[in-house]
Amino acid sequence: MLKIAIFASGSGTNAENLIESYKNTSIVVSRVYCNNAKAGVIARAERLNVPVTIFSKDELWNSTSVMDSLRTEQVDFIVLAGFMMLLPQTMIDEYRNKIINIHPSLLPKYGGKGMFGIHVHEAVLANHEKESGITIHLVNEEYDSGKPLFQTTCPVLENDTPETLATRVHSLEYQYYPKIVREYMESF
Ligand code: GAR
C-alpha cells in the first residue's frame, strides 16, 4: 500500500479526480491539506470521505504541525494539485523526490512565481502560442523547476479564451495525472 497526501489551494477538480481514480487500489489518499479555508477542494474531499487539514502559511512555514501530521499519517508521497505555495525546506528534504506537481503549461515556458491557473492560459494566448499542454514534475525549493516526469501537448485554437484553453488543459490533467503519479511511485 502507498499512502499519499494531496495539497491543494483551489477548486480541487484534480484532487477529486485523483481520489476517484485511486478508489479500490493499493494507493490510499490519506488526507487533503489545504491553505485556503474557502477552497472548493474542501467540500469535494469531504464528500469523498477524505479528511481535510486546513493550515495557514504561517503554520506551514513556522511550525511543525503540517510535517507532524504527515509523519503521523505515515504519508509516502505528496501530490500537489493546484497548490499555490512553496513548501518549506524541511518538507522538501524529508520528501526529497517524493513530491510531485502538475503545471498547466509546457515548462519551462510559463512557469515561475505568479504563473498559476488561469494566468498561465492568459499568457499563452497573449503570446499567440500554437500549442500548450501539461508538465508533471518533481518539486524542489523553487517554483516549477524540479525534474520533469511527463509532458504532453494540446493545440491552442484561434478563438480560444483562457477558459476554453483551461478546459482543454484540464482534460489532459485528468487523463494523465493519476496514471503518471502511480507509475512514478511504483517505480520508486
Ligand atoms: C490546475 O490546472 C493545475 O495544473 C494548476 O492549477 C489548476 C488547479 O485546478 N496548477 C498550477 O498552476 C500550479 N502552478 P483544480 O483546483 O481544479 O485542480
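Let me sum up the structure you'll find in this document. (Residues numbered from 1 in each chain as written. Predicted model: local features only at pLDDT ≥ 70, side-chain atom pairs only at ≥ 80, totals over all residues. Heavy atoms only, no water.)

Ranked by internal contacts, the top residues of the largest apolar core, which has 42 residues, are I4, I6, V32, V41, I136 and Y177. Counting residues per element, this core draws most heavily on helix α7 (residues 162-187), which supplies eight residues. Excluding its chain neighbours within four sequence positions, the residues that come into contact with Y177 are N14, L18, Y22, V79, L80, I100, N101, I102, I136 and L172. In terms of nonpolar packing, the next biggest core, distinct from the first, is built from 19 residues, L70, M91, I92 and I99 among them. (Core = buried A, V, L, I, M, F, W, Y, C linked by side-chain atoms within 4.5 Å. Buried < 20%, exposed > 50% of the residue type's maximum accessible area, 1.4 Å probe, protein only. Helix = DSSP H or I, 4+ residues; strand = E, 2+ residues; numbered from the N terminus. Contact = heavy atoms within 4.5 Å.)

On to the site of the ligand. Neighbouring residues of the ligand: 14 residues in total, closest G12, T13, N14, G117 and E173. Contacts to the ligand include S11, whose backbone N or O atom sits 3.5 Å from an oxygen atom. Within the backbone of N14, a nitrogen or oxygen atom sits 2.9 Å from an oxygen atom of the ligand. In the complex, the protein chains occlude 92% of the 450 Å² of accessible area that the ligand would expose alone. Put simply, the parts of the chain that give the shell around the ligand at least two residues each are α1 (13-22), β5 (99-103) and α7. A breakdown of the residues in the shell around the ligand according to their chemical character gives five nonpolar, eight polar and one charged. (Near = heavy atom within 4 Å. Polar contact = N/O pair within 3.5 Å; in protein donor to acceptor, adjacent residues only side chain to side chain. Areas by Shrake-Rupley, 256 points an atom, 1.4 Å probe, with all protein chains shown as cover. Nonpolar A, V, L, I, M, F, W, Y, C, P; charged D, E, K, R; others polar.)

Attention shifts here to unusual backbone geometry. For the bond from L107 to P108, the omega torsion is 10 degrees, close enough to zero to count as cis. Mapped onto the elements, P108 comes out in the loop between β5 and α6 (118-126). Backbone geometry places N49, a non-glycine residue, at a positive phi of 60 degrees. The topology assignment puts N49 in the loop between α2 (40-47) and β3 (52-54).

Before going further, it helps to examine the environment of G10. Position of G10 among the secondary structure elements: in the loop between β1 (2-8) and α1. Distance from G10 to C34, taken between C-alpha atoms, is 8.3 Å for residues 24 residues apart in sequence. If we ignore the near neighbours within four places in the chain, the residues touching G10 are A39, G40, V41 and G82.

Turning next to the pairing of β1. Of all seven residues making up β1, five are buried, and the element is well covered by its neighbours. Both β1 and strand β2 (residues 27-34) contribute to a ladder of seven bridges, which runs parallel. Note on β2: the bridge partner recorded for F7 is Y33. For the crossover that starts at β1, traverses α1 and ends in the parallel β2, the hand is right-handed. (Pairing = 2+ DSSP bridges. Right-handed = clockwise from strand over helix to strand, strands pointing away.)

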